[in-house]
Amino acid sequence: MDIIFALLWLLAALFEGVFCQGIYAPPNVRIIHSGHACNIEEERYTERVYTIREGETLELTCLVSGHPRPQIRWTKTAGSATDRFQDSSVFNETLRITRIQRHQGGRYYCKAENGLGTPAIKSIRVDVYYLDDPIVTVHQSIGEAKEQFYYERTVFLRCAANSNPPVRYSWKRGREFLSQGSDKGVEIYEPFFTQQGETKILKLKNLRPQDYANYTCTASVRNVCGIPDKSVLFRLTNKTASPSIKLLVEDPIVANPGQTVTLVCIISGGEPNPTLTWVRNGEELPKKSVLNGGTLTIPAISTEEAGVYSCVASNNVGNPAKKSTNIVVRALKKGRFWITPDPYHNDDNIQIGREVKISCQVEATPPEELMFSWLKNGRPLRSSERMVITQTDPDVAPGTTNLDIIDLKFTDFGTYTCVASLKNGGIPEISIDVNISSTTVPPNLTVPRGKSPLATQEGDTVELQCLVSGKPKPIILWSRADKEVPMPDGNMQTESYDGVLRIVNVSREMSGTYRCQTSQYNGFNVKPREAIVELIVQYPPAVEPVYTEIRQGLGRPFSLSCRVLRAHPSRVLTYEWKLGTRLLTTGKFDTRDETEYHVRALNREGYGAYTCDITNEAGAGRCTFLVTGKAYPPEFYYDTYSALWQNKPRVYGFKLQWTQMNPNAVDRIMAYRLGIKQTGHQRWWEQEIPIEDNIQKGELLTYNLTELIKPEAYQVRLTPITRFGEGDSTERIIHYSEASRDTAPVNPHWSKFHCGFEEDTICMFTQDKTEEFDWTRHSAATRDTKYTPNTGPSSDRTGSKQGFYMYIETSRPRLEGDKARLLTPSFNVAPKNPYGNVAANPTYCFSFYYHMYGKHIGTLNVYLRQKSQTGQDTSVWTLSGNQGDRWRQARVNINPTSSFQMILEGIRGSGIEGDIAIDDVTIEEGECRDPPPSSNIRSLASPAEVHIWQLCLTFLLVLVGLRR
């Protein structure tokens, strides 16, 4: 007998595993739309195409299920490249784009993840429709362009418009519609694509008098998305001609900075009258430009506003006319010099009797106006046999002057000044002084002793130094010698006039070698001198983890590990473990890069902050571990998309549901502290919810909130409690939504009510939020059946895959016995007969179609709720179990005595193949015609439940037989 009881216990445990699965579920996602959709079509089953007109508001909502509640992220792709919108991805349920533009079309993805399984991703393609105004251009073939433009010649009228979807064109001459073959002198070509869009061509062969007329091109997208047709009119006459213009300015125009420049462009021909536009270098004009007809004024011009300015005239006849002029703004900049000693001697020193050349260079605009002059000790210097002045040198860049001093004498020592100016003045000249003396020597670079390698610690200020000599003293350029990266100031090179490079708050990334080098134009035309300085930056160890929280129950073992990622110096390392201020252990690293600390059995004194300090010469890196017995926060279970309340007589109740995150990580949770307060108030009402048994991972915990006497929004806080104390709290806001029985009934004078659920408002039906889940509105075209293909309808009641119906989704996280209730609007009863003395209760026929297909079908119930009754709702119809893959109709007579509602209740069966659907709900005055033989059919158990109990009975009989 003991064996039988043991096997029965195992069997019960098996069934408990079947029927009491955890509530944790991976994410599932679907996309719904609102706003101004023109059309929504299915594409490849899982993707939808959403069409919207340009300028309307796009609003997409990502509805998710799963527990814990998934995080949602919207992204968009355009072609193969990721296109982020609104500066970043959108991390909420609703994506909203006001005044959507054509470039914002594309595929939008909604991604939901909660750490369970793979993320759920759904996409919807947004197609933005638009139609631009068409443009007509007129052309004549080049071979026929003789004499007058349009006299007995062949002419082409081209009509182009950008659009989505593709545009259709039609032509009219006057009021006459033109088509291919309708006129021998007219040919209409098929559209082709150009940069302006799809183009339609009308060819007029050998112009006739009747061809001089008004031509209308109409572009149409056939009123798709409500986009109306657009037309353009062009008048063709014997005077029609392409534009011609004149530019009344010189080319080029040379101006001084700050001068006002005016350009004048006039129209010299063209019919119809051309329009004028101005561009600079093919792009937009400077912002301060002033336009007045064909006159362009640029006040206080600067060097940045120089360039080629073009006047363009267009009248859509032939090619646009274009005239250009170049505006040059005078400028002098970047003056520099260098000295070339006699190249025939072995040293670079300047000595008596040698030849010395002084070169001076500037950048000038315009270069042809550049002039040079030389001074010696402030007096003008002229070219002579020993001092030769040349304005240009073919071996160097333009804008260069040279002073050659042949057979240097003692009297030639002094200060030489190179002066650069422009012929017409208007800007300051540039002067460059050069000292030539017996002490003038070329540069030399050395690194002081002990300054390389240079060791410092991270965060310090360090100075790298190169000693520089020479006269004149050159500028030193510092750069990285070991890698192509910027200097600490962000530039690739840093100038120094004293040979010192000062780095503030040095970091480990600045370790390496640095090059100090004389500048290219350092006073001598010799090879630049350079030297190398090595910088070593010491820094404390970088460790991981920097901070980790470990949740652990009493009596359990655990280990802590601290690892060195990088440090300099890297091998002079020690470690020190502490709990708070109490030293636990110390040691030195050998060849390993990590240290561990083990606790065999955690006691109360072992809770707290453990630290591991790893130290070298530069400092310490610290790993911190917070060991705590605090329970993880609970996770509220959002069984509906938006949690709502229902109003009951004088009492407002809500079923609070949650799961516990990692319940076995710490000691057993003994209770929860529940806090409730009205939003906006300060006072919390608290109570304790005791927990008797161990909480399993994924177990759904439930507590009914009652005696909430005000229909307000409430803030709820839930805190787990263990032997350690309070754990982490979780809060949520519960919104009350009034569904009072005192609500005024709708349709007070109706004779028939019908709802096919085709509109989003579902005929003012409401969901009962006190139950575990909701009815869902869907159509067969949009419902995803890849997970449960053997349940639910394949069309609505009429057979349409586009039609809508209501159904209960029984997939996870739904459990057996979960209920969903759908309430009709409230209805007034028909008025009493004013002529009769006997007041009979009116009779109504309540009918609907139901679809109950699947091996796990539960129960469908219908109840009558009356305003005058405060007790239980009255059951009027019920049915359970699989009824086959087809729609059936149910009809039942009801006799309400006051305002009433009908309630359709779906109860989840034993498995996921249990979707129940309803459609075409009707309430009509009078008795039902030919009601079904039995309107009250009850099945005690679903086929799945009967099968399981049959297995149980067979199993017991086998055991009893074995026992005998």
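What you see is a predicted model; the values in this text were computed from it and never measured.

Secondary structure assignment for the chain yields 2 helices and 70 strands. In the chain, the proportion of contacts linking residues at least 24 apart, taken out of those at least 6 apart, comes to 70%. Taken as a whole, the chain presents about 51200 Å² of accessible surface, with 49% of it coming from carbon and sulfur.

The subject of this paragraph is the environment of Asp133. Tracing the backbone through its elements, the reader meets Asp133 in the loop between β9 (120-131) and β10 (135-140). By relative accessible area, which is 54% here, Asp133 ends up exposed. C-alpha separation for the pair Asp133 and Ala219, spaced 86 residues apart in sequence, amounts to 8.0 Å. When neighbours within four sequence positions are excluded, Asp133 is seen to be in contact with Ala160 and Lys230.

Spatial ordering of the open sheet is given by β44-β50-β49-β46-β47, a layout of 5 strands whose pairing is mixed. Single-partner strands in this sheet number two, and they are β44 (547-551) and β47 (582-588). Taking each pair of neighbouring strands and ignoring which way they run, the sheet shows an average axis angle of 15°.

Another point: unusual backbone geometry. Excluding glycine, residues mostly have negative phi values, and the peptide bonds linking residues are mostly trans. The step from Asn164 to Pro165 runs through a cis peptide bond, and the omega angle for that step is 10°. As for its position among the elements, Pro165 is in the loop between β12 (163-164) and β13 (168-173). For the bond running from His568 to Pro569, omega is -5°, close enough to zero to count as cis. Mapping Pro569 onto the fold places it in the loop between β45 (558-568) and β46 (574-579). For Asp920, which is not glycine, the phi torsion reads 50° and is therefore positive. Position of Asp920 relative to the elements: it lies in strand β70 (residues 916-925).

Bringing the pairing of strand β55 (residues 685-690) into the picture now. Relative to β55, strand β54 (residues 671-678) runs antiparallel, the two sharing 6 bridges. Note on β55: the bridge partner recorded for Ala671 is Pro690. In sequence, β54 turns back onto β55 through a hairpin of 6 residues, with Gly680 there showing a positive phi of about 90°.

Within the open sheet, the 4 strands sit side by side as β19-β21-β24-β23. Their pairing is antiparallel. Of all the strands in the sheet, the pair left with one neighbour each is β19 (241-247) and β23 (290-292). Direction aside, neighbouring strands of the sheet carry axes that sit 20° apart on average.

Bringing the nonpolar core into the picture now. Counting residues in hydrophobic clusters, the biggest one holds 34 residues, and the most contacted among them are Phe846 and Phe848. Elements with a minimum of two residues in this core: β60 (752-755), β64 (819-823), β65 (844-852), β66 (859-866), β67 (874-880), β68 (888-894), β69 (900-907) and β70. A total of 5 residues in this core trace back to one element, the largest contributor, which is β65. Residues in contact with Phe846, not counting those within four places in the same chain, are Val862, Ala890, Arg891, Val892, Ile894, Met902, Leu904, Val921, Thr922, Ile923 and Cys928.

Moving on, we get to the side chain of Asn861. When you line up the elements, Asn861 lands in strand β66. The class for Asn861 is buried, based on a relative accessible area of 7%. One polar contact links Asn861 to Thr878, side chain to side chain, over a distance of 2.4 Å. In this view, Asn861 contacts Trp877, Thr878, Ile903, Leu904, Glu905 and Ile907; residues no more than four positions away in its chain are not counted.

Two side chains of opposite charge can pair, provided their charged atoms sit close to one another. Throughout the structure, instances matching the rule amount to 35 salt bridges. Glu549 is the salt-bridge partner of Arg551, the closest N and O atoms lying 2.9 Å from each other. Relative accessible area serves as the criterion here: at 33%, Glu549 is assigned to the partly exposed category. Within this structure, Arg173, Glu176, Asp183, Arg208 and Asp211 form a network of salt bridges that share partners.

Summing up the model confidence of the chain, the mean pLDDT is 81 and the portion of residues at 70 or higher is 80%. Every residue in residues 640-649 scores below 50 in pLDDT, and together they form 37 contacts with partners more than four places removed in sequence or on other chains. In the predicted structure, residues 738-749 sits below a pLDDT of 50 and forms 21 contacts with residues beyond four places in sequence or in another chain.

This brings us to the packing of aromatic side chains. One pass over the structure, following the stated rule, counts 17 aromatic pairs. Cluster of aromatic residues (ring-pair linked, three or more members): Phe558, Trp577, Tyr597, Tyr610 and Phe625. The cationic tip of Arg777 hangs over the ring face of Phe804; the distance from NZ or CZ to the ring centre is 3.7 Å.

Cut-offs applied
Residues numbered from 1 in each chain as written. Predicted model: local features only at pLDDT ≥ 70, side-chain atom pairs only at ≥ 80, totals over all residues. Heavy atoms only, no water. Helix = DSSP H or I, 4+ residues; strand = E, 2+ residues; numbered from the N terminus. Contact = heavy atoms within 4.5 Å. Areas by Shrake-Rupley, 256 points an atom, 1.4 Å probe, with all protein chains shown as cover. Buried < 20%, exposed > 50% of the residue type's maximum accessible area, 1.4 Å probe, protein only. Pairing = 2+ DSSP bridges. Axes fitted to C-alpha atoms, helices over the stretch in contact; angles between N-to-C directions. Core = buried A, V, L, I, M, F, W, Y, C linked by side-chain atoms within 4.5 Å. Polar contact = N/O pair within 3.5 Å; in protein donor to acceptor, adjacent residues only side chain to side chain. Salt bridge = Lys/Arg side-chain N within 4 Å of Asp/Glu carboxyl O. pLDDT = per-residue confidence, 0-100. Phe/Tyr/Trp six-rings, centres within 6.5 Å; stacked < 30°, edge-to-face > 60°. Lys NZ or Arg CZ within 6 Å of the ring centre and 35° of its normal.

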